[in-house]
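The primary structure of each chain is shown beneath.
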Amino acid sequence: MATFTASSLSFTSLSISLDQNKGLARGSVSLPAKAKSFGALTLRSAPMRFRVSCAAKPETVEKVCEIVKKQLALPATTEVSGDSKFAALGADSLDTVEIVMGLEEEFGISVEEESAQTIATVQDAADLIEKLCEKKE
């Protein structure tokens, strides 16, 4: 609910709704009641960002972590998880190709070049492996 007077504007509630057809957040804001002036106040709709992920099995992620560590010759103390980015681990494009080749050999799959280019993290690789293994069955 909004109230307007000659020199002030105040909102007494905050509401946010989601338009499922457009994916837009709409709402209002709360402002301090003692504020004397408000420059231009604009509410904008913005697309909400969702990340949909078909999480791979933990054992697949762990196996990918082991292969990445081996291919990059990382020390045993280096922490590698599903969120680990290959670039952050020191991998260049050639290293990434070698990682993909190691994954293909280990899991008995074939990764298309277009798919290989989308792999940036251990989780990306594990998700792709599970998808390809499902197709193989």
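Residue numbers run consecutively from 1 along every chain, following the written order of its sequence. Local features are withheld for residues below a pLDDT of 70 in this predicted model, meaning they are given only at 70 or higher, and side-chain atom pairs are given and counted only at 80 or more; totals for whole chains, interfaces and linings count all residues. Water and hydrogen atoms play no part in the side-chain values, which are based on all heavy atoms of the structure.

For the chain, an unreviewed UniProt entry supplies the name Acyl carrier protein and the organism Daucus carota subsp. sativus. Checking UniProt for the chain, the heading Function (unreviewed entry) contains the comment "Carrier of the growing fatty acid chain in fatty acid biosynthesis." Entered under Sequence similarities (unreviewed entry) in the UniProt record, the comment concerning the chain runs "Belongs to the acyl carrier protein (ACP) family." UniProt positions are given in the numbering used here, feature names are shortened, and annotations may be inferred rather than shown by experiment.

**Student:** Report on the pattern of salt bridges, specifying residues and quantitative values.
**Tutor:** A pairing counts as a salt bridge when a side-chain nitrogen of Lys or Arg comes within 4 Å of a carboxyl oxygen of Asp or Glu. Following the criterion strictly, the structure yields two salt bridges and no others. Between Glu66 and Lys63 there is a salt bridge, and its shortest N-O distance comes to 3.7 Å. Residue Glu66 and its partner Lys63 are located together in helix α1 (residues 58-71), separated by three residues, close to a single helical turn. With a closest N to O distance of 3.6 Å, Lys63 and Glu106 form a salt bridge. Of the two residues, Lys63 sits in helix α1 while Glu106 sits in helix α2 (residues 93-107), which places them 43 residues apart along the sequence. To sort residues, take the accessible area from a 1.4 Å probe on protein chains only and compare it with the maximum for the residue type: under 20% means buried, over 50% means exposed, and anything in between is partly exposed. Overall, the relative accessible area of 44% leaves Glu106 in the partly exposed class. Counted as one network, the salt bridges with shared partners bring together Lys63, Glu66 and Glu106. Think of it this way: any DSSP run of H or I at least four residues long counts as a helix, any run of E at least two long counts as a strand, and we number them from the N terminus.

**Student:** Explain the nonpolar core to me, using residue names and the numbers behind them.
**Tutor:** Ranked by internal contacts, the top residues of the largest apolar core, which has 27 residues, are Val64, Val68, Phe86, Leu103 and Val122. A total of seven residues in this core trace back to one element, the largest contributor, which is helix α4 (residues 122-136). Beyond its immediate sequence surroundings of up to four residues, Leu103 is in contact with Val64, Ile67, Gly108, Ile109, Ala125 and Ile129. In this description, a nonpolar core means a group of buried Ala, Val, Leu, Ile, Met, Phe, Trp, Tyr and Cys residues linked to one another through side-chain atoms lying within 4.5 Å. Here a residue-residue contact requires only that any non-hydrogen atoms of the pair lie within 4.5 Å.

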